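The residues making up each chain are set out below.
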Amino acid sequence: MSHKRMPKRKAAIAAGGVAALGAAAILLPNANASQDGASDDAAAPRTLKAADASDLASQLAGLLGDAFAGSYYDADNQQLVVNVIPGDNNNVIVQAKKAGATVREVDNSLAELDAGARTLKAEATIPGTSWAVDPRTNKILVTADSTVTGAKWDQLESTVESLGSGMATIKKSQGTFKTFLSGGDAIFAGGARCSAGFNVTAGDGTPAFLTAGHCGVAAAEWSDTEGGAPIATVDAATATFPGEGDFALVKYDDPATEAPSEVNVGGGQTVQISQAAEAEVGLQVFRMGSTTGLSDGQVLGLDATVNYPEGTVTGLIQTDVCAEPGDSGGSLFTQDGLAIGLTSGGSGDCTVGGETFFQPVTTALEAVGATLGAGDAAGGDAGAGEEAGAGEEAAPGEEAGAGEEAGAGEEAGAGEEAGAGEEAAPGEEAGAADESGLTDTH
């Protein structure tokens, strides 16, 4: 995601490194390929794009009622798998199959899994723990970080055992659950640094962006350069952390700010963001952050509860996508341009891996009353001759985009990584991955 102020100035885009380009290479043109047609046999599972699978899952949840026990996306086969509780009403299962889903009978109902989660909340809300329903195993996945030892571990283990056999699994994480707020570059406030997620239009029509709530409560004003003048102010009424989510709306101070609906993934490429969508377990997702650039992985669980040192946060998405301090608030999205989440926190790093949790974008948009992308207030592109850099040189150590000047030390906004004085890694020239189908920003 990016923002632009008048006159247009754009920060030099620092290449995200070999790992980032490796993830970017997965973003191929088939992202926009149309859904394969369903078989002539109406009961055969349909081949679905991720967005279509999410929509079908929502529809089938209503159709199946109490028989619905969750669903997940089989990315390898591009099919939706729906869990059902066996019962007398086989008609709804037949309808689910006719709708194109793969139907699987399981033991645990959503009501039973929800009851188990409530027991964990009541008896095992211990800093360094998390839990989320994993529809692939039809169990609650409970995770404990490295700080959960001794009596705390015993308490957690006994609580999980009390849920009964086949209801939950427990595992240890080598890292420590924490929010990914740090000091450094990207968007700054005092000694803190975060990443902006997605550009939006606030309810009053002004340009803004979403970021993590723990960033929003840490400071009111944010800059795109370390020690620079503020460019955006947190709407304090929206900043939520801890509690029911981790999100905040940050409004650009200049109402003429351009706030395109895109994520800059490095190497001069952007992914156009078309809409917000619900996550689905098994969905392949990509995360962009100011510290580690672009990384990819898979959704592991929904409606996750995480017990951070600062307090408990509910309603998150659990993934295996890596992240590090400074990535907080960064965008989680799909290869075909669906906005999924905002980076909250987790354990581990991009060397050893770990668990990472994200705020669902759909929930955040509804809570703050914003819409994804730029509205009329965001302004249009600069006319001919308005590009910064006409007769201007890039500041020392920075590369300017085509016809645009990279300001001295100016950081890319919302999801753009740009360190002053950083150079592209070998082989990461602008346009080097044109075949990926992404938009070239140079």
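Residues numbered from 1 in each chain as written. Predicted model: local features only at pLDDT ≥ 70, side-chain atom pairs only at ≥ 80, totals over all residues. Heavy atoms only, no water.

1. What to know about the pattern of salt bridges
To be explicit about the condition: Any Lys or Arg side-chain nitrogen located within 4 Å of an Asp or Glu carboxyl oxygen qualifies as a salt bridge. Secondary structure elements are taken from DSSP: a helix is a run of H or I of four residues or more, a strand is a run of E of two residues or more, and numbering for both begins at the N terminus. The cut-offs for exposure are 20% and 50% of the maximum accessible area for each residue type, with area from a 1.4 Å probe on protein chains only; residues under the lower value are buried, those over the upper are exposed, and the others partly exposed.
By the definition in use, this model includes 4 salt bridges. Linking D204 and K251 is a salt bridge whose minimum nitrogen-to-oxygen distance equals 3.0 Å. Here the residue D204 occupies a position in the loop between strand 10 (199-201) and strand 11 (207-211), and K251 occupies one in strand 14 (residues 248-252), the gap between them amounting to 47 residues. On the accessibility criterion, K251 (23% relative accessible area) is partly exposed. D327 is the salt-bridge partner of R287, the closest N and O atoms lying 3.6 Å from each other. Taken as a pair, R287 in strand 18 (residues 284-289) and D327 in the loop between strand 20 (311-319) and strand 21 (331-333) lie far apart in primary sequence, 40 residues in all.

2. Structural notes on the UniProt feature "active site" (unreviewed entry) in the protein
Rules: UniProt positions are given in the numbering used here, feature names are shortened, and annotations may be inferred rather than shown by experiment. When checking whether two residues touch, look at their non-hydrogen atoms; a contact exists if any pair is within 4.5 Å. Pairs of N or O atoms are called polar contacts if they sit within 3.5 Å, as long as, within protein, a hydrogen donor faces a hydrogen acceptor (for residues adjacent in sequence, only side-chain-to-side-chain pairs).
Under the UniProt annotation, "active site" (unreviewed entry) lies at H214, D246 and S328. Across 115 residues in sequence, these annotated residues keep their C-alpha atoms within 10.0 Å of one another, forming a single compact spot. The residues contacting D246, other than those within four sequence positions of it, are T211, A212, G213, H214, T240, F241, V313, S344 and Q359. Here the side chain of D246 touches H214 through a polar contact of 2.8 Å, landing on its backbone nitrogen. Note on placement: S328 falls in the loop between strand 20 and strand 21.

3. Description of the state of the cysteines
Each disulfide consists of one covalent bond between the sulfur atoms belonging to two cysteines. The line we're drawing: In plain terms, two cysteine sulfur atoms within 2.5 Å form what is called a disulfide here.
Summed over the entire model, instances satisfying the criterion amount to 2 disulfides. Through a disulfide, C194 is tied to C215; the S-S separation comes to 1.9 Å. Taking the sign of the S-S torsion, about -90 degrees here, the bridge from C194 to C215 comes out left-handed. Here C194, found in strand 9 (residues 192-194), pairs with C215, found in helix 6 (residues 213-216); they are 21 residues apart in sequence, far enough to count as distant. Accessibility classification places C194 together with C215 in one group, the buried group. A sulfur-sulfur separation of 2.0 Å characterises the disulfide bridge that pairs C322 with C350. On the sign convention where negative is left-handed, the bridge of C322 and C350, at about 90 degrees about the S-S bond, is right-handed. You can see C322 sitting in the loop between strand 20 and strand 21 and its partner C350 sitting in the loop between strand 22 (338-346) and strand 23 (356-360), a full 28 residues away along the chain. Classification of C350 by relative accessible area gives partly exposed; the value is 30%. For the protein, the bonded cysteines connect in the pattern 1-2, 3-4 when numbered consecutively along the sequence.

4. Things to note about the pairing of strand 23
Under the convention used in this document: DSSP calls a pair of strands paired once it identifies at least 2 bridges connecting them.
Summarising burial for strand 23: 5 of the 5 residues are buried, a large majority. Two strands pair when backbone bridges link them, and strand 20 and strand 23 are joined in this way by 3 bridges, in the antiparallel orientation. The residue bridging T319 from the neighbouring strand is T356, located in strand 23. Where strand 22 lies against strand 23, 5 bridges are found, and the strand directions are antiparallel.

5. A closer look at the confidence of the model for the protein
Condition: A residue's pLDDT is the confidence the predictor assigns to it, expressed on a 0 to 100 scale.
Looking at the protein as a whole, its pLDDT mean stands at 78, while 73% of the residues score no less than 70. Segment residues 4-22: pLDDT under 50, and 57 contacts once partners within four positions in sequence are set aside and those in other chains are kept.

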